[in-house]
Amino acid sequence: MRLLALLFLALFFASCEKKPSFNRNAHLNGQIINPSSKYVSLYQQNKLLDTIPLDEKGKFSYVFDSLDLGLIQFEHLPERQMMVLEAGDSISLRANMSDFDASLVFSGTGSAKNNFLTNILLDLDNERNFLANKYVLNSSAFRTLIDSLFLEKKKKWQAFSNQKKFSPLVITITEATYTYPYINRLERFTLIRGKAAVKNDSNYFTFRKPVDFNSKALTFYEPYITYLMSYLSVEALNENESFNKKKKTTAYNLKRLGLIDENIQDEKLRNSLSRSVAYEELLNFENHELHDDFIASFNGINTNADDREEVLNFHYALLKMKKGQQLPIVQLETHKNTLIPSNFAFSGQKTVLYFWSQTQMNHFKRTQERVKNYQEKYPDYRFVGISIQPYNDMVREYQDIMQINVDDQYALVNFESASSAWVITHLNKAIVLDENGNLINGFDNFASKTFLSEIEK
């Protein structure tokens, strides 16, 4: 009886012990140096998860539950970065917005995989200038060059993946990070040179053999989507057709939608690709009269109600930026930190709006050089710079030192709403207004050799 009593007590106390539990959450915190806005945003599968305010030191913190893990997009406008978060991760990131890509670094549990992604993407970006003039090579020489760069990154990936046992998701994403950008360059060679350039190279397209055209893990991963878009573009071309000419036609983009319908079975991937094609088609502004028919075809393939609404809203926003329309009103911030609606800021003189980012000051310097040249060439126009981020003391000081006319400088108060209203898709965008604030051209290119030339004829 005594033995049984002791055994009962032992079992009782054992059952009362707190058993260790596996942490299903993931923690993300960080610090943004020289922030360009007051928030960071987190996205998954193109959907906003949350917007997190920065404190006075530029720091933030966030906890994900187990339902929100996987590929996460971190955004501090105008910069974005994909990350992989898994259960038990506790990651800190640090970035300086004066050079986001070069300064971004992760630390803590789960940081190794994200540092690998960042470093590979930085390597790929640094190779762009080197490869820019290599598309003149013949197909065999170009393929050999890309293969050598690919093998170099593969060795880095093998060294990384052998460090410890990573999850299948991490293996898939990190391998895709270097694989798809390189085979995308091989597809791009065909788009640039034409199918005739690879006509006699029977081995050229062998790089397609291992491609998974229905990867669920990569459905929302940019390198994968970018590759598939290039693949669809190549397949939609006939042998003697020019990509630069065909991509501007609605018929070509309808053909790409048809290829998605024929070749892509995964529903989310079909939706993601058709959404991308829709944006490319709608940005062909001269095809406005065909866009209603295109959207009807898009709706026949894309099953996501949010995508459909988004594309339709984008279509309506483009219509509001047509010649003769009044420029949609957005809130602007002056150099003195006062607010002014855009319809009061631009009137009484023909005006050119150009855009710049506080995180890309080299671009701003080049833009200012263009402004001086354009002012001499087109003295009847007022040239107004628009920062896509709210003003800060650093920018005010810089503009004072550079003796920039601050009366011709404004900042967007809310980039999200303003970029939607004015359809700001790149920094070289320019908007040309008449003296009444009506649109002359809502989609000019400030860096183009033909800037304003068509208008001034």
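Basis of the calculations
Residues numbered from 1 in each chain as written. Predicted model: local features only at pLDDT ≥ 70, side-chain atom pairs only at ≥ 80, totals over all residues. Heavy atoms only, no water. Helix = DSSP H or I, 4+ residues; strand = E, 2+ residues; numbered from the N terminus. Buried < 20%, exposed > 50% of the residue type's maximum accessible area, 1.4 Å probe, protein only. Contact = heavy atoms within 4.5 Å. Areas by Shrake-Rupley, 256 points an atom, 1.4 Å probe, with all protein chains shown as cover. Lys, Arg positive; Asp, Glu negative; His and termini not counted. Charge placed at Lys NZ, Arg CZ, Asp CG, Glu CD. Core = buried A, V, L, I, M, F, W, Y, C linked by side-chain atoms within 4.5 Å. Pairing = 2+ DSSP bridges. Axes fitted to C-alpha atoms, helices over the stretch in contact; angles between N-to-C directions. Polar contact = N/O pair within 3.5 Å; in protein donor to acceptor, adjacent residues only side chain to side chain. Phe/Tyr/Trp six-rings, centres within 6.5 Å; stacked < 30°, edge-to-face > 60°. Lys NZ or Arg CZ within 6 Å of the ring centre and 35° of its normal. Salt bridge = Lys/Arg side-chain N within 4 Å of Asp/Glu carboxyl O. Right-handed = clockwise from strand over helix to strand, strands pointing away. 1 Å grid on protein atoms, 1.4 Å probe; cavity = no way out; pocket = protein on both sides within 12 Å on 5 of 7 lines; lining within 4 Å. Points joined across faces, edges and corners; volume = space filled by probe spheres on them. Nonpolar A, V, L, I, M, F, W, Y, C, P; charged D, E, K, R; others polar. Parallel < 35°, antiparallel > 145°, perpendicular 65-115°, else oblique.

1. Concerning the overall build of the protein chain
- Secondary structure assignment for the protein chain yields 16 helices and 15 strands.
- Residues counted as buried form 47% of the 457 residues belonging to the protein chain.
- Contacts spanning at least 24 positions in sequence make up 64% of the contacts within the protein chain whose residues lie at least 6 apart.
- Of the roughly 23,800 Å² of accessible surface on the protein chain, 50% is carried by carbon and sulfur atoms.
- For the protein chain, the distance from the average site of its 53 positive side-chain charges to the average site of its 54 negative ones is 5 Å.

2. Side note on the nonpolar core
- Ranked by internal contacts, the top residues of the largest apolar core, which has 86 residues, are Phe346 and Trp422.
- In this structure, Trp422 is in contact with Met321, Leu327, Pro328, Val330, Leu332, Ser342, Phe346, Leu353, Phe355, Leu412, Lys429 and Ile431, ignoring residues within four places of it in sequence.
- Core analysis: the next-biggest nonpolar cluster, separate from the first, contains 21 residues, Ala26, Ile52, Leu54 and Leu85 among them.

3. As for the sheet that holds strand β3 (residues 47-53)
- Taken together, four strands build an open sheet; the order of strands is β3-β2-β5-β6 and the sheet is antiparallel. In the strand order of this sheet, the two ends are held by β3 and β6 (79-85), each with one partner. Taking each pair of neighbouring strands and ignoring which way they run, the sheet shows an average axis angle of 25 degrees.
- Inspection of the sheet shows strand β5 (residues 70-76) paired to β6 by seven bridges, in the antiparallel sense. Counted as the bridge partner of Phe74 is Gln81 from β6.

4. Some details on the side chain of Asn114
- With respect to the helices and strands, Asn114 occurs in helix α3 (residues 111-126).
- The class for Asn114 is buried, based on a relative accessible area of 0%.
- In this structure the side chain of Asn114 is engaged in a polar contact, spanning 3.1 Å, whose partner is the backbone oxygen of Gly110.
- Apart from residues lying up to four places away in sequence, Asn114 is in contact with Met83, Val84, Ile91 and Phe106.

5. With respect to the packing of aromatic side chains
- Evaluation of the coordinates by the stated rule reveals 28 aromatic pairs.
- On the numbers, 4.6 Å between centres and 40 degrees between planes, the contact of Tyr279 with Phe314 is tilted. One end of the pair, Tyr279, is in helix α10 (residues 267-282); the other, Phe314, is in helix α12 (residues 305-319), and 35 residues separate them in sequence.
- Owing to a relative accessible area of 12%, Phe314 belongs among the buried residues under this scheme.
- With a centroid separation of 4.1 Å and an interplanar angle of 35 degrees, the aromatic rings of Trp356 and Phe364 are classed as tilted.
- Take Trp356: its relative accessible area is 0%, and that puts it in the buried class.
- Through pairs of rings, three or more aromatic residues link up here, namely Tyr135, Phe142, Phe189, Tyr204, Phe205 and Phe207.
- Cation over ring: Arg80 sits above Tyr43, and NZ or CZ is 5.7 Å from the ring centre.

6. So, the pattern of salt bridges
- This structure, assessed with the given rule, holds 22 salt bridges.
- A salt bridge links Arg208 to Glu187; its shortest N-O distance comes to 2.9 Å. Linking Arg208 in the loop between α6 (168-193) and α7 (222-235) with Glu187 in helix α6, this pair joins segments that are 21 residues apart in sequence. Across this residue pair, the class does not change: Arg208 and Glu187 are buried.
- For Glu333, the salt bridge identified is with Arg396, shortest N-O distance 3.8 Å. In this pair, Glu333 sits in strand β9 (residues 331-333) while Arg396 sits in helix α15 (residues 393-401), placing the two residues 63 residues apart along the sequence.
- Owing to a relative accessible area of 7%, Glu333 belongs among the buried residues under this scheme.
- Residues joined in a network through salt bridges with shared partners are Lys47, Arg275, Asp306, Asp307 and Glu310.

7. A closer look at the pairing of strand β11 (residues 351-356)
- Here β11 lies mainly inside the structure; six of its six residues are buried.
- The alternating pattern of β11 places Thr351, Leu353 and Phe355 on one face and Val352, Tyr354 and Trp356 on the opposite face, and all of these are buried.
- Across six bridges, the pairing between β11 and strand β12 (residues 382-387) is parallel. Its bridge partner being in β12, Thr351 is matched across the sheet by Arg382.
- On the question of chirality, the crossover connecting β11 to the parallel β12 by way of helix α14 (residues 361-377) is right-handed.

8. Overview of the layout of surface pockets
- Of the pockets and cavities examined, the second largest pocket occupies roughly 730 Å³.
- Along the wall of the second largest pocket there are 30 residues; nearest its centre are Ser36, Ser37, Lys38, Tyr39 and Pro390.
- If one sorts the elements of the lining of the second largest pocket by residue count, strand β2 (residues 39-44) sits on top with four residues.
- By residue class, the composition of the lining of the second largest pocket is 14 nonpolar, twelve polar and four charged.

9. Some points on the environment of Lys216
- Residue placement: Lys216 occurs in the loop between α6 and α7.
- What makes Lys216 exposed here is its relative accessible area of 67%.
- Along the primary structure Lys216 and Asp266 are separated by 50 residues, whereas in three dimensions their C-alpha atoms are 7.4 Å apart.

10. Some remarks on the packing of α10 against helix α11 (residues 291-301)
- At their nearest, the axes of α10 and α11 sit 10 Å apart, and the two run at 175 degrees to each other. Classed by the angle they form, the pair α10 and α11 counts as roughly antiparallel. For the pair formed by α10 and α11, the contact residues are Arg270, Asn271, Ser274, Arg275, Val277, Ala278, Glu281 and Leu282 on the first element and His291, Phe294, Ile295, Phe298 and Ile301 on the second.
- Here the contact of α10 with α11 is composed, by residue class, of seven nonpolar, three polar and three charged.

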